[in-house]
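Listed below, chain by chain, are the residues.
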Amino acid sequence: DEEENNNVFYDVILVSDCVLPKLYPIAPLVDAIDELAGPQTVAYISYEYRYYPEYDPKEYFVNLATQKGLIVKTVPLTMQHPIFAVDDIEIWEVRRKNV
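Residues numbered from 1 in each chain as written. Predicted model: local features only at pLDDT ≥ 70, side-chain atom pairs only at ≥ 80, totals over all residues. Heavy atoms only, no water.

Q: How do you make sense of the pairing of strand S3 (residues 37–48) when you look at a structure like this?
A: Along any regular strand, the residues point their side chains to alternate faces of the sheet. Pairing analysis gives 6 bridges linking strand S2 (residues 7–16) to S3, with the strands arranged parallel. Paired with Val15 across the two strands is Ile45, which belongs to S3. In the classification by handedness, the crossover that spans S2, the intervening helix H1 (residues 26–36) and the parallel S3 is right-handed. (Pairing = 2+ DSSP bridges. Helix = DSSP H or I, 4+ residues; strand = E, 2+ residues; numbered from the N terminus. Right-handed = clockwise from strand over helix to strand, strands pointing away.)

Below is the structure:
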């Protein structure tokens, strides 16, 4: 853990199956990652493609994260364990943008 401006930050944040607009609002998730992530934090998020008629959840998540100074990268399937990697589930790596 790092302490900066009296905030304690986590080294790793894991999020699984939480980018579901019908069940969970996306903005509070991005806010929580922003609050818990320090300069050295890495967050890994699993995202399963699901149809949502109002907007693209991935695009919305990335836009909100970018506004908070976070960078979202998709971990390529070639970097994932072959038994667990599937085409319809992405793993995102989220880090704070270096300033």
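Once the structure has been displayed, the description carries forward.
Q: Just checking my understanding: could you explain a nonpolar patch on the surface for this structure?
A: Residues Val12, Leu14 and Tyr44 make up a contiguous nonpolar surface patch of about 300 Å² in total accessible area. Counting through the fold element by element, Val12 comes out in strand S2. Judged by relative accessible area, which is 47%, Val12 ranks as partly exposed. (Patch = residues over 30% accessible without salt bridge, like charges linked within 9 Å, V, L, I, M, F, W, Y side chains within 5 Å. Areas by Shrake-Rupley, 256 points an atom, 1.4 Å probe, with all protein chains shown as cover. Salt bridge = Lys/Arg side-chain N within 4 Å of Asp/Glu carboxyl O. Buried < 20%, exposed > 50% of the residue type's maximum accessible area, 1.4 Å probe, protein only.)

Q: Please clarify how helix H2 (residues 57–67) should be interpreted in this entry.
A: Each α-helix winds once per 3.6 residues, and so residues spaced three or four apart point in a common direction. Pro57, Phe61, Leu64 and Ala65 are the residues of H2 that are buried. One side of H2 carries all its buried residues, which in axial view fall inside an arc of 100°. Contacts made by the buried residues of H2 are with H1, S3, strand S4 (70–75) and strand S5 (89–96). A positive phi of about 80° marks Gly69, the residue just after H2. (Arc of directions from axis to C-beta. Contact = heavy atoms within 4.5 Å.)

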